[in-house]
Each structure stands twice: as C-alpha cells, then as structure tokens.
Amino acid sequence: MKRRKFLQQTGTVVAGTLLTNNLLAKTLEIKKKKVAMVGTGHRGTGMWGAEVLKEHSGVIEFVGLCDKNPGRVQTAKKLMNVSCKTYTDLDKMLKEQKPEILIVTTVDSTHDEMIIKGLEAGCDIVTEKPMTTDETKCQAIIDAEARTGKKVHVTFNYRYSPHRQKIYELLNNGAIGEVTSVDFHWYLDTSHGADYFRRWHRKRENSGTLLVHKSTHHFDLLNWWLNSEPEEVFAYGSLEHYGKNNPFRYTNCRPCPHKDKCNFYFDVTKDDRLVKLYVENEKYDGYLRDGCVWKEDIDIFDKMAVQIKYANKVQVSYSLTTYSPYEGYRISFNGKKGKLDAWIHERQPWEMEKYDELQLTKNFGKTEYIRIDNTEEGHGGGDVRLRKQIFTPGEDKFKQAAGTRDGAMSILIGIAARKSIDSGKPIKIEGLTSLKPRTVKS
C-alpha cells in the first residue's frame, strides 16, 4: 500500500472511531432528573437543597423553588447557589417547569395539598415526615397516588442510621426470639425540645401535635423494627411545662423585657443562616422564628405516654418528654429468648465517646455489647444514605425505603394517640383510613 493511501485510510478510521466514541459518550450521558421544591425553610434548603446538590448534582437539577414567602424563596436560591426560577405559586411552577420530582418541605398540615398537586402534575414526590396530619388528608394522599400512578417517598432518615439498622438485623435474625413487648422512651432536651414551642409546630393546626410531627419518626421505627402494623392505641398527654405554665411571656425573644430571667431565651441573631431565612423575611408573613415558649396560644402536648397493640400481638409502651436535661432515647425489646437494650445518647451535658452501644442478653446466657461508630454527620450518616437511596436507588436489603403505606401507618399511631387523649378512649387504627393493619411477613 502506498504511503498516501495508507494515511488517508488510517485518518478515516481514526475519524470514524472518534465520531463513534463521541456518540457513545452522548448515549452514556446521564439525563438529569428535573427536581423542584416547595417550602424553602431551614430543612428544605439544607437537607433537601444544598446537601442534595453536593451529593447528586450529576443526576438531578433544580428547575424551580417555591415558597409562599417571596423573600425567603429568594434567600433560598442564594443559599443553595442555584439559577432556577423562583415562585410563590405552586400551580404555576408545576405548569411551567414540569418537574419529574417534587420535594415537599412545607408546614406539615399543608403536605397533603402539595403532594396531591405534585402527583396530579405527573411528579413523583419526596416528602418530609410526617406525610400529613390527620386521617382525612392521609386518605386523600392514598387515593391520589392510586389515581395518578406516581409514587410518594416518605423521608424516614432514622431507618438509615447504622445502629438502628443493626437493631433491625438482630431482631429480624431472631437474636432474642419472638418479640413480645417493647419499652421505648424518648427525651428531647431544653434546647431542641423547647424549639418546637417557639416555631409553627406549637399549634396543633400546623403540626398535628408532636405525636404526629416528631413521634412519627419513632412510630415508623417501631413498625419497621417489629415488621408489623398497629391495631389499637391508647394515650395520655398534657401541656404542663411550656405555654401558659409560666408567670411571664412576650411575643418573641428579641424584644422581650424578661430575657434576663428566662432560661429559655433564644438569641436568633447568633445564627446567620436563620437570620437570612427568617428574620430578614418576617416582613412578608409575620413569622417569628424566635417565638416565646410561654405563649398562651400553644395547644400541643409537652409530655405524652402511648400504649400500642400491634397486629402481631406485640405491646409497646412509648413516651415523649420535651424538657429533659439530655437528649436521646432508651429502648428495650423483650423477646422469648432474650432482651435487646439500648440507651442512645444524642446530646448530653457530659463527655462521651463517639459510639452507640446495644446490649444483647440471652435467656440463661451471657450479655454481649455491640458498639457502632457514630462519628458520621447527619443523624449518624442516615441522611446521606437516605438521599442516596432516593436519587440513585439500589438494593434495599433492609427494607429502609418508605412509601405511602409506611408514612400512613406511622402518622396514624400519632393521630390515634391524639384522638385517644382528647376522648379518653382507645382508638382502633382500622377505620381511620381504607388501610387495614396487617402483620407483615418477611
């Protein structure tokens, strides 16, 4: 072959190869999913905004942010460092941007409206817990999901924390035999616990009480760990510490004349992020992020005790206290072959090593102590694992992904507990919605 012809043919082959490679690269290019968010507060812009972009910008892109507060949604855009359009009208955003995924991080009592609008616009939904706040709204979500064929993902990050996953493994592998009862007691401290009484959560109409807003996390863990669903609930609850139970009060902390003698004084100006999101945008909606914990309009409970009977006959004693000197929980699973105990420290006024410890004791046997590292950020690494499962889903070995039924069964315990406190009677789960409690088989 002559040199010129050889070079011509070689050049053609190389050019063809490059063209093929470019086409292959374009073919392999991942098409990013279009994501929008409604509710751009602290949780939305952080957990479901900046953190999602940091971890999954290769597979998703934000096409819209929506909030009823026009100042806050503009602040959110800056904090998240995105270039998408902002809206104060969800319908308009859904129509113009046509997102594939809608993230819902609004006030709890509005979740149903946002979820249903998103489903009907063709979106899959990623919603913060609780899924909603009463049984009527819950049924409306169930019906909308069935009607549209789209999916609702409820973000139970607690399922993904390593020590909770280990509890699931031990129980479902029969470490203590058949579980018969559980003692479960959660403590919120005078910082975190009090914060619920400063914010919008303090009103039942917004949060459904902490039995729905906060305890839905804990009830979901029980449903998941026990591999069953609740049948009946009885509860006590009262407001004995916060709210009207104090001789003085004011609108909010910044201008309060009592700040020098109030142990619950909160200086929001020390948190630059909260100032940007809330303080600088009060003028639009009047929402005070540093509301007084002693306001007389507070109508949620600050101490709660709940009895739950499960479809698989497990009995649970649960309590939530909101003004403890330390934060975390104690839990004890009682089985026919042994006992599994844990005291999980989340925050306390003494130093501790960075691990969670489970205590496994066999009947007529020895005790084993199981230590799990807890140095990861974001609920012990649960947040990162949850976001990965949602945006780049893979194997779900431990059944951690949660949908509408999981979201419903967790809030229905809280809703039933609230109804029980109000009525003084036990409440059946069946009949609250179309869902019938079942014993879930592995």
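Scroll up to find the structure.
One numbering rule holds for all chains: residues counted from 1, following each sequence as written. It should be noted that, the model being predicted, local features are given only for residues of pLDDT at least 70 and side-chain atom pairs only at 80 or more, the latter also being counted only at that level, while totals for whole chains, interfaces and linings use all residues. Based on all heavy atoms of the structure, the side-chain values leave hydrogens and waters out of the count.

**Structural notes on the sheet that holds strand β8 (residues 230-238)**
Selection criterion: Any two strands between which DSSP finds at least two bridges are classified as paired. Numbering goes from the N terminus for both helices and strands, where a helix is a DSSP run of H or I of at least four residues and a strand is a run of E of at least two. By definition, residues are in contact when any of their heavy atoms lie within 4.5 Å. Axis lines are fitted to C-alpha atoms, over the contacting stretch for helices. Their N-to-C directions set the angle, which ranges from 0 to 180 degrees.
Pairing within the open sheet is mixed, and its nine strands lie in the order β14-β13-β12-β11-β7-β10-β9-β8-β15. Edge positions in the open sheet fall to β14 (367-373) and β15 (427-428), since each of these has one partner strand only. Where strand β9 (residues 303-310) and strand β10 (residues 315-324) come together, seven bridges link them in antiparallel fashion. Following the sheet pairing, I308 is matched in β10 by V316. Packing against the sheet, helix α16 (residues 404-423) makes contact with β8, β9 and β15, and its axis sits at approximately 50° to β8.

**Observations regarding the environment of D356**
What counts here: Only protein chains enter the accessibility calculation, which uses a 1.4 Å probe. A residue is then buried if its area is under 20% of the maximum for its type, exposed if over 50%, and partly exposed in between. Nitrogen and oxygen atoms within 3.5 Å of one another constitute a polar contact, given that in protein one can donate a hydrogen and the other can accept it, and given that sequence-neighbouring residues count only through two side-chain atoms.
Positionally, D356 belongs in strand β13 (residues 355-362). With relative accessibility at 8%, the residue D356 sits in the buried group. Ignoring any residue separated from it by four or fewer positions in sequence, one finds D356 in contact with H163, I344, I370, R371, I372 and N374. Looking at D356, its side chain comes within polar contact range of the side chain of H163, at 3.2 Å. At a separation of 3.2 Å, a polar atom in the side chain of D356 contacts the side chain of N374.

**A word on the pattern of salt bridges**
A side chain with one charge may pair with a side chain of the opposite charge, provided their charged atoms come close. Where we set the bar: The working definition used for a salt bridge is a side-chain nitrogen of Lys or Arg within 4 Å of a carboxyl oxygen of Asp or Glu.
For the structure on display, the rule yields 33 salt bridges. Across the pair D285 and R72 runs a salt bridge, and its minimum N-O distance is 3.5 Å. Remark: R72 occurs in helix α3 (residues 70-80) and D285 occurs in helix α13 (residues 282-285); sequence separation between them is 213 residues. A salt bridge links R204 to D422; its shortest N-O distance comes to 2.8 Å.

**Things to note about unusual backbone geometry**
Between K129 and P130 the backbone carries a cis peptide bond, its omega angle lying at -10°. In this fold, P130 is placed in the loop between β5 (124-127) and α6 (135-148). Even without a glycine there, the phi angle at N227 is positive, about 55°. Counting through the fold element by element, N227 comes out in the loop between α11 (215-226) and β8.

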